[in-house]
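# Per-entry structural report
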Amino acid sequence: MGKTEAKAGSKAAGKAETAKAALPTLVELIRRHLTEQSEPRSAAEVSTALDQAHPERGIKTTVVRTTLENLVARTQAHRSKQGSSVYYTAPTQQDTAPKAEAAQAEESK
């Protein structure tokens, strides 16, 4: 492979990385989706909605469920159970304010 071919290959790779970086993360997509909803959603419902909105991403329910549980652990989402079903909602502004203040205080140390 010549020098010009190598440069063209690295430029193409750079553009692909830039385009990929411009896409919102799954966490951002899930947070946005939960915020837009007026009632709790199951992981399957969130997964289906995101897969329809972003078919190029191939979003799997198991990955969405894991991501939702991680958001719950970081108090960026709420979990509620109704029988054996688990539903998720976005936190209210009151729920996130103390955590955001604590995170800012931690960063400034």
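Residues numbered from 1 in each chain as written. Predicted model: local features only at pLDDT ≥ 70, side-chain atom pairs only at ≥ 80, totals over all residues. Heavy atoms only, no water.

Glancing now at the overall build of the protein. When you go through the protein residue by residue, the secondary structure sums to five helices and two strands. Across the 109 residues that make up the protein, the buried fraction comes to 17%. Restricting to contacts in the protein with at least 6 residues of sequence separation, those with at least 24 account for 48%. When the accessible surface of the protein is split by element, carbon and sulfur atoms take 52% of a total near 7900 Å². (Helix = DSSP H or I, 4+ residues; strand = E, 2+ residues; numbered from the N terminus. Buried < 20%, exposed > 50% of the residue type's maximum accessible area, 1.4 Å probe, protein only. Contact = heavy atoms within 4.5 Å. Areas by Shrake-Rupley, 256 points an atom, 1.4 Å probe, with all protein chains shown as cover.)

The side chains of a regular strand alternate between the sheet's two faces. Sheet analysis places strand β1 (residues 78–82) next to strand β2 (residues 85–89), joined by five bridges and oriented antiparallel. Looking at the pairing, Lys81 lines up with Val86 of β2. (Pairing = 2+ DSSP bridges.)

To continue, consider the packing of helix α2 (residues 26–36) against helix α3 (residues 43–53). Where α2 meets α3, the axes come as close as 11 Å, and the angle between the chain directions of the two elements is 110°. One way to sum up the angle between α2 and α3 is to call them roughly perpendicular. Of the residues in α3, those touching α2 at Leu26, Leu29, Ile30, His33 and Leu34 are Val46, Ala49 and Leu50. Residue classes in the contact of α2 with α3 are distributed as seven nonpolar, one polar and no charged. (Axes fitted to C-alpha atoms, helices over the stretch in contact; angles between N-to-C directions. Parallel < 35°, antiparallel > 145°, perpendicular 65-115°, else oblique. Nonpolar A, V, L, I, M, F, W, Y, C, P; charged D, E, K, R; others polar.)

So, on to the nonpolar core. Among the nonpolar cores identified, the biggest contains 14 residues, and Ile30, Leu34, Val46, Leu50, Val64, Leu68 and Tyr88 are the most heavily contacted of them. Counting only elements with at least two residues in this core, the list comes to α2, α3 and α4 (61–73). Aside from chain neighbours lying at most four places away, what touches Ile30 is Val46, Leu50, Val64, Thr67, Leu68 and Leu71. (Core = buried A, V, L, I, M, F, W, Y, C linked by side-chain atoms within 4.5 Å.)

Right, let's talk about the packing of α2 against α4 for a bit. Working note: a packed helix pair is described by the angle between its axes plus the distance between those axes. Look at α2 against α4: their axes get within 10 Å of each other, and the N-to-C directions meet at 75°. As the angle between them shows, α2 and α4 are arranged roughly perpendicular. Between α2, through Leu26, Val27, Ile30, Arg31 and Leu34, and α4, the contact on the second element is made entirely by Val63, Val64, Thr67, Leu68 and Leu71. Each residue belonging to the contact of α2 with α4 can be placed in one class, and the counts come to eight nonpolar, one polar and one charged.

Its place among the elements puts Ser47 in helix α3. With near-sequence residues (within four places) excluded, Ser47 lies in contact with Ile59, Lys60, Thr61 and Val64.

This part is about the environment of Thr35. Inspection of the secondary structure puts Thr35 in helix α2. Put simply, Thr35 and Thr92 are 57 residues apart on the chain and 9.1 Å apart in space, counted from C-alpha to C-alpha. In terms of polar contacts, Thr35 uses its side chain to reach the backbone carbonyl oxygen of Arg31, at 2.7 Å. (Polar contact = N/O pair within 3.5 Å; in protein donor to acceptor, adjacent residues only side chain to side chain.)

Phi is mostly negative for residues that are not glycine, and the peptide bonds are mostly trans. Backbone geometry at Thr75 places phi at a positive 55°, although glycine is not the residue there. Mapped onto the fold, Thr75 is located in the loop between α4 and β1. For Thr75, a relative accessible area of 29% gives the class partly exposed.

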